[in-house]
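Chain by chain, the residues:
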Amino acid sequence: FYSGRYDLASKELNKFIDSTDNNSDKVLARLFLAKSFIEMKDYSRAILILSSSDVKNAYPDESRFWIEFAMLRLQ
């Protein structure tokens, strides 16, 4: 993710999400997956992830910020 390879990051994050049993790691990975979608300008998919209850509960401020950011770009 930090190297700017968002397509690869999204694939690896999805693999990680599917393979881990650690819920807090899974939620953090979902947050970074949403950020990857934002970077790839796939705002609708990002909003779906950021609006999920697990992400909103674990990262309320960050999810709210990125939802607003993505919503502005959809308009």
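Residues numbered from 1 in each chain as written. Predicted model: local features only at pLDDT ≥ 70, side-chain atom pairs only at ≥ 80, totals over all residues. Heavy atoms only, no water.

K.L.:
Describe in detail the packing of aromatic side chains, supporting the description with residues and values.
P.N.:
Taken as a whole, this structure holds 3 aromatic pairs when the rule is applied. Ring pairs connect the aromatic residues Phe65, Trp66 and Phe69, which therefore count as one cluster. A cation sits over an aromatic face here: Lys35 above Phe32, 4.8 Å from the ring centre. (Phe/Tyr/Trp six-rings, centres within 6.5 Å; stacked < 30°, edge-to-face > 60°. Lys NZ or Arg CZ within 6 Å of the ring centre and 35° of its normal.)

K.L.:
Outline the packing of helix α2 (residues 23–39) against helix α5 (residues 60–74), listing residues and values.
P.N.:
Viewed as axis vectors pointing N to C, α2 and α5 meet at an angle of 20 degrees, and their least axial separation amounts to 11 Å. The angle between α2 and α5 falls in the class roughly parallel. You can see that α2 and α5 cross each other, and the crossing is left-handed. Counted together, Leu31, Lys35 and Ile38 of α2 and Glu62, Trp66, Phe69 and Ala70 of α5 form the full contact between these two elements. Of the residues belonging to the contact of α2 with α5, the class tally is 5 nonpolar, no polar and 2 charged. (Axes fitted to C-alpha atoms, helices over the stretch in contact; angles between N-to-C directions. Helix = DSSP H or I, 4+ residues; strand = E, 2+ residues; numbered from the N terminus. Parallel < 35°, antiparallel > 145°, perpendicular 65-115°, else oblique. Left-handed = near helix turned anticlockwise from the far one by under 90°. Contact = heavy atoms within 4.5 Å. Nonpolar A, V, L, I, M, F, W, Y, C, P; charged D, E, K, R; others polar.)

K.L.:
Please give an account of the pattern of salt bridges that cites residues and values.
P.N.:
In this structure the tally under the stated criterion is 6 salt bridges. Measuring nitrogen to oxygen at the nearest pair gives 3.3 Å for the salt bridge that ties Asp7 to Lys11. Taken together, the residues span about one helical turn, with Asp7 and Lys11 both in helix α1 (residues 6–19) at a distance of 4 residues. Relative accessible area serves as the criterion here: at 44%, Asp7 is assigned to the partly exposed category. (Salt bridge = Lys/Arg side-chain N within 4 Å of Asp/Glu carboxyl O. Buried < 20%, exposed > 50% of the residue type's maximum accessible area, 1.4 Å probe, protein only.)

K.L.:
Which residues make up the nonpolar core, and what are the values?
P.N.:
Side chains of nonpolar character tend, in soluble globular proteins, to be buried together. Leu33, Ile38, Ala46, Ile49, Leu50 and Val55 are the most contacted members of the largest nonpolar core, which has 19 residues in total. Among the secondary structure elements, those contributing two or more residues to this core are α1, α2, α3 (43–50) and α5. Top element by residues in this core is α2. It accounts for 8 residues. (Core = buried A, V, L, I, M, F, W, Y, C linked by side-chain atoms within 4.5 Å.)

K.L.:
Can you tell me about the packing of α1 against α2, naming the residues and giving the values?
P.N.:
Look at α1 against α2: their axes get within 9 Å of each other, and the N-to-C directions meet at 155 degrees. Between α1 and α2, the angle is such that the two are roughly antiparallel. The element α1 and its partner α2 pack so that their crossing is left-handed. Contacts from Tyr6, Ala9, Ser10, Leu13, Asn14, Phe16 and Ile17 in α1 reach Asp25, Lys26, Ala29, Arg30, Phe32, Leu33, Ser36, Phe37 and Glu39 in α2. Among the residues making up the contact of α1 with α2, the classes are represented as 9 nonpolar, 3 polar and 4 charged.

Honestly, that's just the spatial picture; any functional story needs more than this.
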